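# Coordinates in review
Here is how the chains run, residue by residue.
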Amino acid sequence: MTRYAQIVGWGAHLPERVLTNKDLEEIVDTSDEWIVSRTGIRERRIVHSPKETTGSLATRAAAAALHRANVDANDVDLIICATSSPEHQFPATACLVQDALGARHAGAFDLSAACSGFVYGLTLANSMITTGAAETVLVIGSETLSRIVDWSDRNTCVLFGDGAGAVLVTASEEPGGILSSVLGSDGSGGDALSLPAGGSKLPTTVETVAARQHYVHMDGRAVFRFATRVMASATRSVVAKAGLTLDDIDLVIPHQANARIIESSVIHQLKIPPEKVFVNVDRYGNTSTASIPIALCEAIEMGRVRPNDNIVFVSFGAGLTWAAAALKWGAPVSATPHKWWQTAQRQGNYGAARAQSTVRRLIRNSPGIELPEIEIPEIRLADPLRNLRI
Ligand code: UT7
């Protein structure tokens, strides 16, 4: 049996606080006219409470994806959290999400490929699923970039926003799902977009903080040139790899960094009509790894995704990296009416996960008391050798 990796659940979470271009005029020397004409951005969402973190946004988006698919957190095998603003160097934000969801049988790790991270994660999920190494994978993109941008640097602070999006990918016998992907990196351009200090090469010191090296630094023009070139070529190759032509594509969901980049690469170079290209950068700015899954959720809500549609995700980011994925949409998009008790049960499970986490922390900190063994589920994965047997 051929295994396919299908997106069966999706969810997004955006902070409530809206920061408009007018608000930014009060913070740095900029104008609504400049921001709109150079980027297409009108407003973005920004976290305002210390309780809103990359992990908490990711958890809410992931819970929404599980809810949409009607899948229990205990059935997830792997959680991949792509992020450019992880809560810590370690532990991985994905582990915090695993704990918050009570996903007791899931491995979890963060993926660092900047704005391309979500598509990198999706590619990995596809490989894990099609080889039989996993059945159910959560791929999340989550950011609180407002905490790592320099609010005195008009070159960067006007561009970014906070938010999270997630998809649940599962093994399916239904042909389709993720058809092909293209990943790329050109580390010679690493300096063009970086967070210079706070890693092992340049640990945080009074001097690095004074020099504002713990914030995002960017050569905007260099990234712009790279992006317009690579978005078009990555789209061409992923479509060809899927055995399709550009005319077969029903919807392109590009990384939402700048409306001009999308226009120049996808619309002008590839000549894909604007009605087949999803853009919401005007409302959320650049949410890095979260931009594609947030856009996907909105596209579905707006009725722009239908079963059997050929969809392309394409992204670029720090690294420099790029990534594209082509998929044939398989899941029904009309709202699945959940039974009230299913919703209540899931909420109850998250409450129980929080309680269980607290108890485990207490026990771990109590000398002489042993933590109960973590139950390791029976191997229920498909036998990867099965296809070789006759
Ligand atoms: O996910 C990947 C993340 N990064 C990106 O996607 C960034 C890619 N680059 C871009 O989107 C664009 O290069 C920017 C939006 C960053 C800049 O647009 P641009 O058309 O390339 O402008 P520029 O860098 O050529 O700058 C033009 C002028 C400069 O002034 P001078 O040197 O010509 O006097 C800047 O200082 O605009 C000035 N400027 C601003 N003015 C008002 C830069 N930022 C601002 C601002 N408000 N916020």
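Each remark here, short or long, concerns the structure printed above.
So, here is what we can say about the structure in this document. (Residues numbered from 1 in each chain as written. Predicted model: local features only at pLDDT ≥ 70, side-chain atom pairs only at ≥ 80, totals over all residues. Heavy atoms only, no water.)

### Considering the sheet that holds strand β11 (residues 251-254)
Across the sheet, which stays open at both edges, the four strands sit in the order β8-β13-β12-β11 with mixed pairing between neighbours. Either end of the sheet is taken by a strand with one partner, and the two such strands are β8 (177-185) and β11. Taken pair by pair, the neighbouring strands of this sheet meet at an average axis angle of 10°, ignoring direction. In this sheet, strand β12 (residues 310-317) lies alongside β11 in parallel orientation, the contact comprising four bridges. In the sheet register, Pro-254 faces β12, and the bridge partner there is Val-314. The strands touched by helix α11 (residues 291-301) are β11 and β12; relative to β11, the strand with the most contacts, the crossing angle is about 145°. (Pairing = 2+ DSSP bridges. Helix = DSSP H or I, 4+ residues; strand = E, 2+ residues; numbered from the N terminus. Axes fitted to C-alpha atoms, helices over the stretch in contact; angles between N-to-C directions. Contact = heavy atoms within 4.5 Å.)

### Thoughts on the pairing of strand β7 (residues 163-172)
Counted residue by residue, β7 has nine buried out of 10 residues, so it is predominantly covered. Summarising the sheet, strand β1 (residues 4-13) and β7 pair through nine bridges and their orientation is antiparallel. Residue pairing for β7: Ile-7 is matched across the bridge by Val-169. With eight bridges connecting them, strand β6 (residues 136-143) and β7 associate as antiparallel partners. Residue pairing in the sheet places Ser-142 in a bridge with Ala-164 of β7. (Buried < 20%, exposed > 50% of the residue type's maximum accessible area, 1.4 Å probe, protein only.)

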